[in-house]
Amino acid sequence: MRIDILTLFPELCEAVLKESIVGRSRERGLVEINSLNIRDHTTDKHRRVDDTPYGGGTGMILQAQPIYDCFMALCEDSGKRPHLIYMSPQGKVLTQERIKALAAMDNIALLCGHYEGVDERILEEIVDEEVSIGDYVLTGGELPALVLADSITRMLPGVLASDEAFEQESHYSSLLEYPQYTRPYDWHGAEVPEVLLSGHHANIVQWRREQSLKRTQERRPEMLKTAELDKKDKEFLSKQERKD
Ligand code: ADE
């Protein structure tokens, strides 16, 4: 999989992408991620990439030309036309399901806006989709693009220790995760739940499932509507409800 990030701040992106799991996955060739500088494609002699909005108003607008030329150079370089996503608070809010679908694509490009936005004609002409990472506004699209690149990378084969690692996590199975503990057994007077020391695998699995259900019911009850629940899960949840 190849992800190209079109940005005015490639160093900012690289600072994050070179570290930890994503950094190692790039080194191991499990994913190719490039940070492309939109400014390298300006035809302005002062290297300007933005201008004031027609009709007046505050802030500056990113011009269509450098973004378009940056994307065309990318298409030429990769020999393909990547699926272009504009990171924007006006986009559809990102979900684990959408991330999974994007991780199945071979080539995507992420366009990061800045200032007051980009010229609308770029959205009409080359952008395939707009994605938001949540209902709040950031100063630019870089952090959202990094969130997306990170969440896609961890879904790629070979990146995590096992498929189980992400299948058991929050949102993948539509339930929140159960609590986890490591040494020491007693920390600040709080002890690890006995069942985890029992060595009884079936009991541990059942306890974890119940903890996941309980947490989801308490913190994100709406998630239970779409979760896959068996008879035992439903019985446990209605027992919990009666307790409250
Ligand atoms: N750019 C600014 N805010 C954003 C958000 N919430 N999601 C995606 N891109 C953004």
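This text gives an overview of the structure that appears in the document. (Residues numbered from 1 in each chain as written. Predicted model: local features only at pLDDT ≥ 70, side-chain atom pairs only at ≥ 80, totals over all residues. Heavy atoms only, no water.)

On the secondary structure map, glycine 29 appears in the loop between helix H2 (20-27) and strand E2 (32-37). Residue glycine 29 is classed as exposed on the basis of its relative accessible area of 59%. In sequence terms glycine 29 and methionine 1 are 28 residues apart; their C-alpha atoms lie 9.3 Å from each other. (Helix = DSSP H or I, 4+ residues; strand = E, 2+ residues; numbered from the N terminus. Buried < 20%, exposed > 50% of the residue type's maximum accessible area, 1.4 Å probe, protein only.)

Around the ligand, a shell composed of Met87, Ser88, Pro89, Val131, Ser132, Ile133, Gly134, Tyr136, Val137, Leu138, Gly140 and Pro144 is seen. Note that a nitrogen atom of the ligand is positioned 3.1 Å from one of the backbone N or O atoms of serine 88. Between the ligand and tyrosine 136, the relevant distance is 2.8 Å, taken from a nitrogen atom to a main-chain nitrogen or oxygen of the residue. Here the ligand, which alone exposes 260 Å², has 96% of that area covered by the protein. Within the residue set of the shell around the ligand, elements represented by two or more residues are strand E5 (83-93) and strand E7 (129-132). Top contributing element to the shell around the ligand by residue count: E5, with 3 residues. Tallied by class, the residues present in the shell around the ligand amount to 8 nonpolar, 4 polar and no charged. (Near = heavy atom within 4 Å. Polar contact = N/O pair within 3.5 Å; in protein donor to acceptor, adjacent residues only side chain to side chain. Areas by Shrake-Rupley, 256 points an atom, 1.4 Å probe, with all protein chains shown as cover. Nonpolar A, V, L, I, M, F, W, Y, C, P; charged D, E, K, R; others polar.)

With that out of the way, let us pick up a positive patch on the surface. Together, Lys214, Lys239, Arg242 and Lys243 make up a region of like positive charge exposed at the surface. If one sorts the elements of the positive patch by residue count, helix H9 (residues 231-243) sits on top with 3 residues. By the element assignment, arginine 242 lies in helix H9. (Patch = residues over 30% accessible without salt bridge, like charges linked within 9 Å, V, L, I, M, F, W, Y side chains within 5 Å. Salt bridge = Lys/Arg side-chain N within 4 Å of Asp/Glu carboxyl O. Lys, Arg positive; Asp, Glu negative; His and termini not counted. Charge placed at Lys NZ, Arg CZ, Asp CG, Glu CD.)

This part takes up helix H6 (residues 142-153). Since there are 3.6 residues in each turn of an α-helix, residues three or four apart along the chain are aligned in direction. Relative to the 16 Å expected for 12 residues at 1.5 Å per residue, H6 spans 16 Å between its end C-alpha atoms, a close match to the ideal helical length. Counting buried positions along H6 gives 9 out of 12 residues, so the element sits mostly inside the fold. Of all the positions in H6, only Glu142, Pro144, Ala145, Leu146, Leu148, Ala149, Ser151, Ile152 and Thr153 are classed as buried. (Expected span 1.5 Å × (residues − 1).)

The values are spatial; any link to function lies outside them.
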